[in-house]
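Fold and contact review
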Amino acid sequence: MLKLGLDFDNTLISYDSIFYETACELNLIPKELKKSKTAVRSYLINQNKEEKFTELQGEVYGSKIINAKQTDGMFEALKLIQNKGYELAIVSHKTKNPIIGPKYNLHKSALNWLEKNKFFDEDGLFINRKNIFFEPTKEEKVKRIQSIGCTHFIDDLQSILDLIKKDIVKVHYNPGKETFPSNYLNFSNWEKLKYKRIF
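Owing to the predicted nature of the structure, the values given are computational and were not obtained by experimental measurement.

**What to know about the side chain of T22**
- One can find T22 in helix α1 (residues 16-25).
- The residues touching T22, leaving out its near neighbours within four places in the chain, are L56, E59, V60 and K64.

**Observations concerning the environment of L78**
- Examined against the element boundaries, L78 turns out to sit in helix α4 (residues 74-83).
- Take L78: its relative accessible area is 0%, and that puts it in the buried class.
- Separated by 66 residues in the primary sequence, L78 and L12 place their C-alpha atoms 9.9 Å from one another.
- When residues no more than four places from it in sequence are discounted, the contact partners of L78 are L4, L6, L12, L88, L125 and W190.

**Focus on the pairing of strand β7 (residues 169-173)**
- Most of β7 sits out of view: four of its five residues are buried.
- Pairing of strand β6 (residues 152-155) with β7 involves four bridges; the strand directions are parallel. Directly across from H152, in β7, lies its bridge partner V169.
- In the sheet, β7 pairs with strand β8 (residues 185-187) via three bridges, with the strands oriented parallel. Note that in β8 the partner of H172 across the bridge is N186.

**Re the pattern of salt bridges**
- What the rule picks out here adds up to eight salt bridges.
- In this structure, the salt-bridge partner of D7 is K141, at a minimum N-O distance of 3.0 Å. Remark: K141 occurs in helix α6 (residues 138-147) and D7 occurs in the loop between β1 (3-6) and β2 (13-14); sequence separation between them is 134 residues.
- On the basis of relative accessible area, D7 is assigned to the buried category, the value being 4%.

**Looking at the sheet that holds β7**
- The six strands lie next to each other as β5-β4-β1-β6-β7-β8, forming an open sheet whose pairing is parallel. In this open sheet, the two strands that pair with only one neighbour each are β5 (132-135) and β8. Mean inter-strand twist for the sheet, computed between neighbouring axes without regard to direction, equals 20°.
- In the packing of helix α5 (residues 106-116) onto the sheet, contacts are made with β4 (87-93) and β5, and the angle to β5 comes to roughly 150°.

**Examining the nonpolar core**
- Of all hydrophobic cores here, the largest spans 49 residues; its most connected members are F8, Y15, L78, F119 and W190.
- Excluding residues within four positions of it along the chain, F8 makes contact with I13, Y15, I65, I90, S92, K94, A110, W113 and L114.
- If you look at the next biggest cluster of nonpolar residues, it comprises 13 residues, including A89, V91, I145 and I160.

Cut-offs used in this document
Residues numbered from 1 in each chain as written. Predicted model: local features only at pLDDT ≥ 70, side-chain atom pairs only at ≥ 80, totals over all residues. Heavy atoms only, no water. Helix = DSSP H or I, 4+ residues; strand = E, 2+ residues; numbered from the N terminus. Contact = heavy atoms within 4.5 Å. Buried < 20%, exposed > 50% of the residue type's maximum accessible area, 1.4 Å probe, protein only. Pairing = 2+ DSSP bridges. Salt bridge = Lys/Arg side-chain N within 4 Å of Asp/Glu carboxyl O. Axes fitted to C-alpha atoms, helices over the stretch in contact; angles between N-to-C directions. Core = buried A, V, L, I, M, F, W, Y, C linked by side-chain atoms within 4.5 Å.

In C-alpha coordinates:
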(Lines give C-alpha, C1' and ligand atoms only; values in the text may rest on other atoms or scores of the structure.)
Protein backbone atom coordinates (compact mmCIF):
# COMPACT_ATOMS: atom_id res chain seq x y z
CA MET A 1 0.00 0.00 0.00
CA LEU A 2 1.21 3.50 -0.84
CA LYS A 3 1.18 5.78 2.19
CA LEU A 4 2.30 9.40 2.08
CA GLY A 5 3.33 10.92 5.39
CA LEU A 6 3.20 14.69 5.71
CA ASP A 7 4.87 17.15 8.03
CA PHE A 8 2.47 19.84 9.32
CA ASP A 9 4.18 23.11 10.29
CA ASN A 10 5.49 25.11 7.31
CA THR A 11 4.57 22.26 4.97
CA LEU A 12 0.76 22.11 4.98
CA ILE A 13 0.25 25.41 6.76
CA SER A 14 1.88 28.79 6.10
CA TYR A 15 2.57 31.02 9.08
CA ASP A 16 4.15 34.00 7.31
CA SER A 17 1.17 36.39 7.46
CA ILE A 18 0.05 35.36 10.93
CA PHE A 19 3.55 35.74 12.44
CA TYR A 20 3.84 39.22 10.97
CA GLU A 21 0.33 40.29 12.02
CA THR A 22 0.65 38.95 15.56
CA ALA A 23 4.10 40.50 16.02
CA CYS A 24 2.68 43.85 14.90
CA GLU A 25 -0.26 43.52 17.31
CA LEU A 26 2.21 42.98 20.15
CA ASN A 27 4.42 45.88 18.97
CA LEU A 28 7.41 43.58 18.58
CA ILE A 29 8.45 44.60 15.05
CA PRO A 30 8.35 47.62 12.71
CA LYS A 31 5.47 47.46 10.24
CA GLU A 32 7.81 47.83 7.27
CA LEU A 33 9.38 44.46 8.02
CA LYS A 34 8.89 41.74 5.42
CA LYS A 35 5.75 39.66 6.05
CA SER A 36 7.42 36.34 6.80
CA LYS A 37 8.10 34.12 9.78
CA THR A 38 11.81 34.09 8.93
CA ALA A 39 12.01 37.90 8.83
CA VAL A 40 10.21 38.22 12.19
CA ARG A 41 12.46 35.62 13.81
CA SER A 42 15.64 37.19 12.42
CA TYR A 43 14.60 40.67 13.56
CA LEU A 44 13.82 39.59 17.13
CA ILE A 45 16.98 37.49 17.46
CA ASN A 46 19.07 40.41 16.17
CA GLN A 47 17.39 42.58 18.81
CA ASN A 48 18.39 40.04 21.51
CA LYS A 49 14.71 39.18 21.96
CA GLU A 50 14.82 35.47 21.22
CA GLU A 51 12.58 34.78 24.23
CA LYS A 52 9.98 37.12 22.72
CA PHE A 53 10.05 35.06 19.54
CA THR A 54 9.50 31.89 21.57
CA GLU A 55 6.49 33.53 23.25
CA LEU A 56 5.25 34.70 19.86
CA GLN A 57 5.44 31.12 18.56
CA GLY A 58 3.20 30.00 21.40
CA GLU A 59 0.60 32.62 20.48
CA VAL A 60 0.72 31.81 16.78
CA TYR A 61 0.59 28.02 17.18
CA GLY A 62 -2.02 28.33 19.94
CA SER A 63 -4.57 31.15 19.77
CA LYS A 64 -3.84 32.50 16.27
CA ILE A 65 -3.32 29.35 14.20
CA ILE A 66 -6.97 29.11 13.18
CA ASN A 67 -6.44 32.15 10.90
CA ALA A 68 -3.27 30.81 9.27
CA LYS A 69 -3.39 30.05 5.55
CA GLN A 70 -2.94 26.79 3.70
CA THR A 71 0.32 26.53 1.81
CA ASP A 72 -0.47 27.64 -1.75
CA GLY A 73 -1.61 24.77 -3.95
CA MET A 74 -1.17 22.15 -1.23
CA PHE A 75 -4.79 20.99 -0.94
CA GLU A 76 -5.26 20.45 -4.67
CA ALA A 77 -1.90 18.66 -4.98
CA LEU A 78 -2.80 16.26 -2.16
CA LYS A 79 -6.14 15.44 -3.77
CA LEU A 80 -4.32 14.52 -6.98
CA ILE A 81 -1.88 12.34 -5.03
CA GLN A 82 -4.80 10.63 -3.26
CA ASN A 83 -6.37 9.91 -6.63
CA LYS A 84 -3.21 7.98 -7.53
CA GLY A 85 -3.93 5.59 -4.65
CA TYR A 86 -1.99 7.09 -1.77
CA GLU A 87 -3.31 7.04 1.80
CA LEU A 88 -2.43 10.26 3.65
CA ALA A 89 -1.09 10.63 7.19
CA ILE A 90 0.19 13.66 9.11
CA VAL A 91 3.13 13.25 11.48
CA SER A 92 4.28 16.41 13.22
CA HIS A 93 6.86 17.28 15.85
CA LYS A 94 4.72 19.40 18.16
CA THR A 95 4.79 19.75 21.93
CA LYS A 96 1.40 19.76 23.66
CA ASN A 97 1.97 23.19 25.25
CA PRO A 98 4.20 26.19 24.45
CA ILE A 99 7.60 26.29 26.15
CA ILE A 100 6.76 29.65 27.74
CA GLY A 101 3.63 31.79 27.90
CA PRO A 102 -0.03 30.70 28.13
CA LYS A 103 -0.54 26.93 28.21
CA TYR A 104 -2.46 26.57 24.96
CA ASN A 105 -3.15 23.00 23.85
CA LEU A 106 -1.17 23.13 20.60
CA HIS A 107 -2.40 19.70 19.47
CA LYS A 108 -6.04 20.76 19.80
CA SER A 109 -5.31 24.06 18.05
CA ALA A 110 -3.72 22.23 15.10
CA LEU A 111 -6.66 19.81 14.90
CA ASN A 112 -9.07 22.76 14.85
CA TRP A 113 -7.15 24.19 11.88
CA LEU A 114 -7.30 20.84 10.07
CA GLU A 115 -11.06 20.66 10.69
CA LYS A 116 -11.62 24.21 9.44
CA ASN A 117 -9.61 23.45 6.29
CA LYS A 118 -11.61 20.29 5.41
CA PHE A 119 -8.89 17.72 6.00
CA PHE A 120 -11.46 15.38 7.58
CA ASP A 121 -14.49 16.17 5.40
CA GLU A 122 -15.80 13.75 2.78
CA ASP A 123 -15.76 16.58 0.23
CA GLY A 124 -12.24 17.51 1.33
CA LEU A 125 -9.22 15.26 1.88
CA PHE A 126 -11.18 12.88 4.13
CA ILE A 127 -8.12 11.85 6.15
CA ASN A 128 -8.81 9.34 8.91
CA ARG A 129 -8.26 11.01 12.30
CA LYS A 130 -6.32 7.90 13.33
CA ASN A 131 -3.69 9.01 10.80
CA ILE A 132 -2.92 12.28 12.61
CA PHE A 133 0.04 12.22 15.00
CA PHE A 134 1.65 14.97 17.05
CA GLU A 135 4.90 13.82 18.64
CA PRO A 136 6.74 15.66 21.44
CA THR A 137 10.25 15.03 20.06
CA LYS A 138 11.88 14.70 16.65
CA GLU A 139 13.01 11.18 17.53
CA GLU A 140 9.44 10.10 18.30
CA LYS A 141 8.27 11.73 15.07
CA VAL A 142 10.76 9.64 13.09
CA LYS A 143 9.74 6.45 14.93
CA ARG A 144 6.09 7.17 14.15
CA ILE A 145 6.78 7.76 10.44
CA GLN A 146 8.42 4.36 10.29
CA SER A 147 5.97 2.48 12.51
CA ILE A 148 2.82 3.46 10.58
CA GLY A 149 4.26 2.21 7.30
CA CYS A 150 4.86 5.39 5.33
CA THR A 151 6.24 4.61 1.88
CA HIS A 152 6.88 8.34 1.20
CA PHE A 153 7.37 11.35 3.48
CA ILE A 154 7.36 15.10 2.78
CA ASP A 155 9.09 17.52 5.16
CA ASP A 156 10.53 21.02 4.92
CA LEU A 157 13.42 19.99 7.19
CA GLN A 158 16.26 17.95 5.72
CA SER A 159 17.32 17.17 9.29
CA ILE A 160 14.17 15.05 9.73
CA LEU A 161 14.58 13.33 6.39
CA ASP A 162 18.16 12.47 7.34
CA LEU A 163 16.85 10.39 10.25
CA ILE A 164 14.26 8.38 8.33
CA LYS A 165 15.23 4.90 7.19
CA LYS A 166 16.37 4.50 3.60
CA ASP A 167 13.50 2.44 2.23
CA ILE A 168 11.08 5.37 2.65
CA VAL A 169 11.04 7.79 -0.31
CA LYS A 170 12.11 11.15 1.17
CA VAL A 171 10.76 14.32 -0.40
CA HIS A 172 12.12 17.74 0.61
CA TYR A 173 9.74 20.70 0.42
CA ASN A 174 11.73 23.91 0.19
CA PRO A 175 9.31 26.75 -0.61
CA GLY A 176 10.32 29.52 -2.95
CA LYS A 177 13.59 27.93 -4.07
CA GLU A 178 13.84 26.88 -7.70
CA THR A 179 17.26 25.28 -7.29
CA PHE A 180 18.85 24.25 -4.04
CA PRO A 181 21.15 21.54 -2.69
CA SER A 182 19.25 18.54 -1.41
CA ASN A 183 20.02 14.89 -0.87
CA TYR A 184 16.45 13.97 -1.71
CA LEU A 185 13.67 14.36 -4.24
CA ASN A 186 12.54 17.94 -3.86
CA PHE A 187 10.02 20.56 -4.87
CA SER A 188 9.56 24.24 -4.10
CA ASN A 189 5.94 24.83 -5.01
CA TRP A 190 2.87 22.66 -4.33
CA GLU A 191 1.13 24.02 -7.42
CA LYS A 192 4.01 22.79 -9.59
CA LEU A 193 4.35 19.44 -7.83
CA LYS A 194 1.93 17.78 -10.26
CA TYR A 195 4.46 18.38 -13.03
CA LYS A 196 7.23 16.59 -11.15
CA ARG A 197 7.33 12.81 -11.44
CA ILE A 198 7.64 12.08 -7.73
CA PHE A 199 4.28 10.39 -7.15
